[in-house]
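As a plain string of letters, each chain reads:
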Amino acid sequence: MIIAKNLSLALSRYSQDAIAVFDFVVSHSRESTSSYPKLLPMFDIREVMLLDADNQLILQVTGGDEHTDVTLDPDIIAELRLLTAAKPGEIVVSGLRQYDGAPHFFIAQLLADGTVALAPWSTRYVIELQQSIAFGELGHSMMVDHQGLVVAHPNPEWQRVSKDASGLSVVQAMLDGRTGVMQFYSPPMDADMIAGYTYVPTTGWGVMVPQPIRELEANVDRTCQRL
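Everything numeric here is computed off the predicted structure, so don't read it as measured data.

K.L.:
Even after reading the chapter, I still don't get the sheet that holds strand β11 (residues 180-186), so can you show me in this structure?
P.N.:
What holds strands together in a sheet is hydrogen bonding between their backbones, with the strands either parallel or antiparallel. Here five strands make up an open sheet; going across it, the order is β10-β9-β13-β12-β11 and the pairing antiparallel. Both outer strands of the open sheet, β10 (150-152) and β11, are each paired with one neighbouring strand and no more. For this sheet, the mean angle separating the axes of adjacent strands, direction not counted, is 35 degrees. For strand β12 (residues 191-199) and strand β13 (residues 206-212), the ladder comprises seven bridges, and the chain directions are antiparallel. Paired with Ala-195 across the two strands is Pro-210, which belongs to β13. Across the sheet, helix α4 (residues 124-131) lies against β9 (142-144) and β10, angled at about 70 degrees from β10, the strand it touches most.

Structure below.
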């Protein structure tokens, strides 16, 4: 539970900073952009684009030398239009979508003149944070987006395809904005697990830290034998 809460705090701070960077770049997008190629990659923002009311690109601020031109899926643009139209002027974060061959979030905002600002946001930091947590034989961490799609997990295939884990009871609890401890069965681990879980208020992401119950039982057995 403590580890899950610490992960949530780290992701909350990171997401707040990334959103603040997006806001700054959009607000100053028509000014000098010489510092942006260094600033954007620090928070895994690939680029910031401004699209007019007809979804034509009117400005693009790239995030460094690694940027490559990628055609934005019209379905993603339409979805972001709907998300931002529901909260005009506010900055919103989408769920995971495929972009340039990998899962990305999108940060977006509908401006007063009808222009929509959007930015592909890589999952790199979230995955690195997940990989930093490992204990026992199969103890690990897992993060999902606000729809229950896997962002970071020990199973790389689940990450690659953004596996839908919303059917798990513990994931539903996270998506409901709850914090606690729960037992559940994990198909990829083929084990009954116990997990501390919570969520990231800024984005609605879920965070949990599970471990097989059999590992805890083995620890208890060893302790009892020593006594």
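K.L.:
Looking at this structure, how should I read the nonpolar core?
P.N.:
Nonpolar side chains tend to gather and get buried jointly when the protein is soluble and globular. If you look at the biggest cluster of nonpolar residues, it comprises 36 residues, and the most contacted ones within it are Leu-11, Phe-22, Leu-40, Ile-45, Val-48, Trp-121 and Met-143. The set of elements that each furnish at least two residues to this core consists of α1 (2-27), α2 (36-42), β1 (47-51), β5 (102-110), β6 (116-122), α4, β10 and β13. Sort the elements by how many residues they give to this core and α1 lands first, with ten residues. Val-48 has contacts with Phe-22, Val-25, Val-26, Leu-40, Leu-59, Gln-60, Val-61, Leu-118 and Ala-119, leaving out every residue within four places of it along the chain. Counting 18 residues, the second largest nonpolar core, distinct from the first, contains Val-144, Ala-173, Met-189 and Ala-195.

K.L.:
Explain unusual backbone geometry here, please?
P.N.:
Among all residues save glycine, negative phi is the norm, and among peptide bonds the norm is trans. You will see that Asp-44, though not glycine, has its phi angle at about 60 degrees, which is positive. At Asp-100, a residue that is not glycine, the phi angle is positive and equals roughly 55 degrees. Along the chain, the position of Asp-100 falls in the loop between β4 (97-99) and β5. Accessibility expressed as a relative area gives 42% for Asp-100, which makes it partly exposed.

K.L.:
Please clarify how the layout of surface pockets should be interpreted in this entry.
P.N.:
In this approach a probe as big as a water molecule rolls over the atoms, and the regions it shows empty are the leftover space. By volume, the largest pocket amounts to about 290 Å³. Lining the largest pocket are 17 residues; nearest its centre among them are Lys-87, Val-92, Val-93, His-146 and Thr-203. Put simply, the parts of the chain that give the lining of the largest pocket at least two residues each are α3 (74-86) and β3 (91-93).

K.L.:
So what exactly am I meant to see when it comes to the packing of α1 against α4 here?
P.N.:
Working note: a packed helix pair is described by the angle between its axes plus the distance between those axes. One way to put it is that α1 packs onto α4 with a least axis distance of 11 Å and a crossing angle of 165 degrees. Here α1 lies roughly antiparallel to α4, going by the angle between them. In this structure, α1 crosses over α4, and the sense of that crossing is right-handed. Facing Leu-7, Ala-10, Leu-11 and Tyr-14 of α1, the residues of α4 in contact are Tyr-125, Val-126 and Leu-129. Here the contact of α1 with α4 is composed, by residue class, of seven nonpolar, no polar and no charged.

How each quantity is defined
- Residues numbered from 1 in each chain as written.
- Predicted model: local features only at pLDDT ≥ 70, side-chain atom pairs only at ≥ 80, totals over all residues.
- Heavy atoms only, no water.
- Pairing = 2+ DSSP bridges.
- Helix = DSSP H or I, 4+ residues; strand = E, 2+ residues; numbered from the N terminus.
- Axes fitted to C-alpha atoms, helices over the stretch in contact; angles between N-to-C directions.
- Contact = heavy atoms within 4.5 Å.
- Core = buried A, V, L, I, M, F, W, Y, C linked by side-chain atoms within 4.5 Å.
- Buried < 20%, exposed > 50% of the residue type's maximum accessible area, 1.4 Å probe, protein only.
- 1 Å grid on protein atoms, 1.4 Å probe; cavity = no way out; pocket = protein on both sides within 12 Å on 5 of 7 lines; lining within 4 Å.
- Points joined across faces, edges and corners; volume = space filled by probe spheres on them.
- Parallel < 35°, antiparallel > 145°, perpendicular 65-115°, else oblique.
- Left-handed = near helix turned anticlockwise from the far one by under 90°.
- Nonpolar A, V, L, I, M, F, W, Y, C, P; charged D, E, K, R; others polar.

Everything listed here is a matter of geometry and, on its own, says nothing about what the molecule does.
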